[in-house]
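For reference, the chains in residue letters:
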There are 4 protein chains.
Amino acid sequence: MSATIVTTPSSRAFISDNMAGASPQIAQAVADAAAGQVLPYGNDPYTDSARRRLSEIFERDVDVFPVSTGSAANGLSLAALTPPWGSVLSHPDSHINHDECGAPEFFTGGAKLVGVPGPDSKIDPEALEAAVRRRAGDVHSVQPSAVSISQATESGSVHTLEEIRRLSAVAKDAGLRVHMDGARFANALDHLGATPAEMTWKAGIDVLSFGATKNGAMTADAIVSFDPALGAELAFRAKRAGQLAAKMRFHAAQIDAYLTDGLWLRNARQANAMATRLGDGLKTIPGTGLLATPQANILFCRLPQQVTEGLLAEGYVFYHDRWEPGIVRLVTAFSHSADDIDQLLDAVRRHTH
Amino acid sequence: MSATIVTTPSSRAFISDNMAGASPQIAQAVADAAAGQVLPYGNDPYTDSARRRLSEIFERDVDVFPVSTGSAANGLSLAALTPPWGSVLSHPDSHINHDECGAPEFFTGGAKLVGVPGPDSKIDPEALEAAVRRRAGDVHSVQPSAVSISQATESGSVHTLEEIRRLSAVAKDAGLRVHMDGARFANALDHLGATPAEMTWKAGIDVLSFGATKNGAMTADAIVSFDPALGAELAFRAKRAGQLAAKMRFHAAQIDAYLTDGLWLRNARQANAMATRLGDGLKTIPGTGLLATPQANILFCRLPQQVTEGLLAEGYVFYHDRWEPGIVRLVTAFSHSADDIDQLLDAVRRHTH
Amino acid sequence: MSATIVTTPSSRAFISDNMAGASPQIAQAVADAAAGQVLPYGNDPYTDSARRRLSEIFERDVDVFPVSTGSAANGLSLAALTPPWGSVLSHPDSHINHDECGAPEFFTGGAKLVGVPGPDSKIDPEALEAAVRRRAGDVHSVQPSAVSISQATESGSVHTLEEIRRLSAVAKDAGLRVHMDGARFANALDHLGATPAEMTWKAGIDVLSFGATKNGAMTADAIVSFDPALGAELAFRAKRAGQLAAKMRFHAAQIDAYLTDGLWLRNARQANAMATRLGDGLKTIPGTGLLATPQANILFCRLPQQVTEGLLAEGYVFYHDRWEPGIVRLVTAFSHSADDIDQLLDAVRRHTH
Amino acid sequence: MSATIVTTPSSRAFISDNMAGASPQIAQAVADAAAGQVLPYGNDPYTDSARRRLSEIFERDVDVFPVSTGSAANGLSLAALTPPWGSVLSHPDSHINHDECGAPEFFTGGAKLVGVPGPDSKIDPEALEAAVRRRAGDVHSVQPSAVSISQATESGSVHTLEEIRRLSAVAKDAGLRVHMDGARFANALDHLGATPAEMTWKAGIDVLSFGATKNGAMTADAIVSFDPALGAELAFRAKRAGQLAAKMRFHAAQIDAYLTDGLWLRNARQANAMATRLGDGLKTIPGTGLLATPQANILFCRLPQQVTEGLLAEGYVFYHDRWEPGIVRLVTAFSHSADDIDQLLDAVRRHTH
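Residues numbered from 1 in each chain as written. Chains lettered and ligands numbered in written order. Predicted model: local features only at pLDDT ≥ 70, side-chain atom pairs only at ≥ 80, totals over all residues. Heavy atoms only, no water.

- Chain A carries the name L-threonine aldolase in an unreviewed UniProt entry, which gives Streptomyces asoensis as its organism.
- You can read under Sequence similarities (unreviewed entry) in the UniProt record for chain A the words "Belongs to the threonine aldolase family."
- Among the UniProt annotations of chain A, the heading Cofactor (unreviewed entry) holds the following wording: "pyridoxal 5'-phosphate". (UniProt positions renumbered as here; feature names shortened; annotations may be inferred.)

## Notes on the UniProt feature "domain: Aromatic amino acid beta-eliminating lyase/threonine aldolase" (unreviewed entry) in chain A
Phase 1 of the analysis: The UniProt feature table records "domain: Aromatic amino acid beta-eliminating lyase/threonine aldolase" (unreviewed entry) at residues 14–288 of chain A.
Phase 2 of the analysis: Span residues 14–288 of chain A is 44% helix and 13% strand, its end C-alpha atoms 17 Å apart. (Helix = DSSP H or I, 4+ residues; strand = E, 2+ residues; numbered from the N terminus.)

## Looking at the environment of E56(D)
Phase 1 of the analysis: Following the sequence through the fold, E56(D) ends up in helix α2 (residues 45–57).
Phase 2 of the analysis: Linking E56(D) and A197(D), residues 141 residues apart in sequence, is a C-alpha distance of 9.9 Å.

## With respect to the pairing of strand β4 (residues 143–150) of chain A
Residue and element names in this part refer to chain A.
Phase 1 of the analysis: Counting buried residues along β4, 8 of its 8 residues qualify, which places the element largely inside the surrounding structure.
Phase 2 of the analysis: Pairing of strand β2 (residues 86–90) with β4, which is carried by 4 bridges, proceeds in the parallel orientation. The residue of β4 that forms the bridge with V88 is A146.
Phase 3 of the analysis: The pairing of β4 with strand β5 (residues 177–182) spans 5 bridges and is classified as parallel. Considered in β5, the bridge of A146 is made with R177.
Phase 4 of the analysis: Taken together, β4, helix α7 (residues 161–173) and β5 constitute a β-α-β crossover, and its handedness is right-handed. (Buried < 20%, exposed > 50% of the residue type's maximum accessible area, 1.4 Å probe, protein only. Pairing = 2+ DSSP bridges. Right-handed = clockwise from strand over helix to strand, strands pointing away.)

## Structural notes on the relation of the copies chain B and chain A
One copy of the chain maps onto the other through a rotation about an axis plus a displacement along that axis.
Phase 1 of the analysis: With an axial shift of 0.0 Å and an RMSD of 0.0 Å, the rotation relating chain B to chain A amounts to 180°. Both chain copies can therefore be described as sitting about a two-fold axis.
Phase 2 of the analysis: Most of the interface of chain B is mirrored in chain A: 100% of its interface residues are interface residues there too. (Least-squares fit on C-alpha atoms with pLDDT ≥ 70 in both. Contact = heavy atoms within 4.5 Å.)

## Things to note about the domain arrangement of chain A
All names here are of chain A.
Phase 1 of the analysis: When its domains are assigned, chain A resolves into domain 1 (10–19 + 263–352) and domain 2 (24–259).
Phase 2 of the analysis: Placing a centre on the C-alpha atoms of domain 1 and another on those of domain 2 gives a separation of 27 Å.
Phase 3 of the analysis: At the interface, 19 residues of domain 1 touch 28 residues of domain 2.
Phase 4 of the analysis: Buried surface at the junction of domain 1 and domain 2, summed over both partners, amounts to about 1900 Å²; 52% is from carbon and sulfur atoms. (Domains from an automatic or database assignment. Buried area = accessible area lost by both parts, 1.4 Å probe.)

Pasting the structure below:
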């Protein structure tokens, strides 16, 4: 690599968990996979191994489609669950609704995203009760077809198992399918201390966007389908959307290493712990208001303007004044250390005075 | 990686250049990129470097969009060049027409692929003359909008510069845009001894699918656009299609290393040389008919059935009886050695008797 | 026609102006057009005549595409104004957003409908100021591309010329295009006493869905484009969407007769006058709350439950309890007489006591 | 209607059966339907009556969706039978493949039209045997999903019942669905002397585009579905595509009158008889080669250039030199009389000398 590459020190990088690189184990696995010849398009032992590991972790056979982005995972999943004249119900804050430039509309052939509000970026179950039946059977309206739950949410909250079950039950009672956007699946799992099965199919999830990229992988997420009837459709849709990688081994090796020896859970635990440490620290600094106690690895807070400016001047990178004036988002990653967090807290304290 | 991964020895792997792994330099670059924090979504120094290198190589500023597959590169490129009521003219053998499960139709919103025949998997310029004007302005018909040229072709032939210029001129005279599917761009370049600029924009190409995966990269190809007016559209389409990777550095690092110190050309030269060696060898074996002298790294030949069966029994993998009975396709890669080829030739000789 | 056809008397029909049949002049024109042979697909003198009349009425050359429904007019118009990654800004009450089963999403290839609220079903210009620039240039978000204004609105209000100009100016300043859903164009025109040109292109409208069906035609609305650059695209999109009628003369003859001797304006005047008469009458009846003074031919009011039930029992048809409990919508048509209205008012009075 | 409307005399109009106006009975039915108030969107007695008549004629309950064009009927039908990654197999001459500006691609969300050749514009059953299984299950290829049969064909031939059954059986054995493009359904029925049931569902047809416009109606064709499982999907797709007319009665009244007292069959018989008369006459004129004996109401022949020019000079309108030089297409309609045909034959004779 060219000598001109300059990276941000991890102590300064809080814009997203996407700023982090990859876990060394995953980098090694990818490098190891570079040698040798295997069949292309997922007919390789790496993809087999990843599928096996996911089936073990989810305690049942699952269909697995490694893809290169979470947007592709979400779009393809929703396309398999929703007809073009359907609507997808999600929280207005959801990534699919807000941050994918209409990817779900593209993949589904023009379905409609309908926001269902609720506190903490979670769909309110009573609002969902109304939404799933809204104009059902009325030919003049898109038809409620799928519910998408972000776990963890875009604001850093985590649904309890009971909350997921409740939302799924409301959906299922009305004949809708349920998708989980698990871009930060492991972070949520760590917070709940639940099993992957409990947080998904046992709670009514049909298809999961299983995130790995934000938590230590490079360019690999996976669609995990708990409904065998969707397998063929997902395969054709993925190919047609340019998501069937010729050298699939390089996506699969990332997933495989990610799931080996609990790396994925360790990474998530670290990221979550750093968010908690950061939140705890901020609580002790006058003038900084935490919007909510972080449950995963995202933290929203209110910082005085001179603090924000001071941090930026020191080279910190993070989103500010994007949601509303004075609001700052700080995202921790597996790659942050306690020192990184403590330095940030020191900086906040310094600029507060 | 699990101990159960078994790979095919390169001496036996001829199904596709997709069977090869990655060049060590590329594997190293990806591993190196794993450390450190950079901005996501392509706002990183790796992507800058890849763009700079491509601009140098093409001798002008280009827009670059790294994507995870050639199908995505082709689909997005064609979507930017063709309205939904347009048609894309390509050879019936072309990958976009034959092997992408309708990806161009998906990305373009339903444009039509129209085959224009010609020998050696190359569009016949006279047939193109007729096709580009067919029912132009007739509202009952899709409108010829873009021509897509595979360089090298799916049968292993390479268009001369003059042939590309001629096809482009026919297209441009009738107001059509020109796309090049360069899944095997480097192989074609090596065969011609031309410059990248000569083979593309100087010959009338508007947008190029720049292949890297088949020639030593892992999961990275790139859209290279020579028309600055298409940049914004391509960016939005790529995001919306799930092709804007969060950790884009890992795609970009592959492209960057691929272009460093001529690796891409060395790899292509080796693959081509191995195809030539294989072709030359086969010519000396009675009963094996070469369909054409390979110009890139794909070779079609006719093998007696007992030879095919003998090779399969020894663990060779390759496509046979897929195009028509008795026809065998052998694809060489950068990873093949002269020994690999000679072993294969020996095996063919052995089974011929 | 079979003897079994039973129609609702006009004195009872208030569910929609779509319940009305057709003006006798239009029925006669269609019957007259049935004789004789003309070229198909709009190359006929009826379509020429309709185009000429529309150009006269709008005081400039316009492109005209007769279509069979308002949803088709809206969908095709928006598809010509918005890329698939664009968003269409309209009031949440708008027909395109609420009542077309995702037709705009279908026709545009998956653009997003974004609601911009405001009182009286009109977009608030200040809210629009924010919306047209929201995340412009941000590749993670759909891009504000078109504003759609309903004139008259779905709740029966009418934008003033100044309001249209203001909304258009906000859109144009930010580079967006402007569409008018004129399903009840003539009703709005009658209310304002403006010219068609003033209410459209002089106020910044690029493309108009020119409604005729609700105001006396049978199955014909028209796209009227004020931007010559959109003509070819609209023609191809209309054909491809099954909206280029072979015997176009039968759509065109409706439009032509509709515009002859001011029939369209007389019909609208009658419908509007009947709504005013109805509103004035309701104001005199205690317990019936008019939500707003009707400006076109739609009236929303609050009726006591026993009144609603009493009317239904007498065979009145109208929407009730659809928007919220107790709310009734009454729509008048060109076919209503003062007697029809007075009978309805009598019935309301009777059931009130 | 304006005094400036000039129509072509029926004795000169042979460009298409779309040049004809409407049967007087249909014009009367539409005019009659103009009076009175009925519920919109197909909830009216006219639509009920049309549905009842179609169910009687087809000897079973059918789902009926009146639409405004045959392209809409075809596109919506195919969208209900084919996934976006599917292919539709039809003859290369088929209207869906050749003359709808990509409407099937638009309605299906990007499925692929694959031509299966055969003589007389009919799919060759043996070619179909191969095509229905081509790359089935191969994720790299679109999947054969539906077969579309034109009855009568675009060249004027008519499939026998046995031919339809054979093609359907080939399709069904491979799991494909079967669509019939019946733009000239009545003409084919008249030629065969078969029942509507025999020619459709008893022969394996799942969904029919039931044409009426070309045979005496104005702007109404209908989707007739023999598979109750498709009803809801067709309803939502039709609405979303702008094909659910508010005043549906005016489409339905056309269908209803068309089917009353055998009008549809009388019209077809007349059109067919005129084609036969024309063909018989041409056979007696030296130098005019009939390409095939017409079975429906389309006739292709070879005319000497001076004959073609002579006819054009007299004001005859018809397609010539469009398929290949010297080839002329003449289409007869219900509105042609024996005199019209005899005049044309006289003119051909005159110009031949």
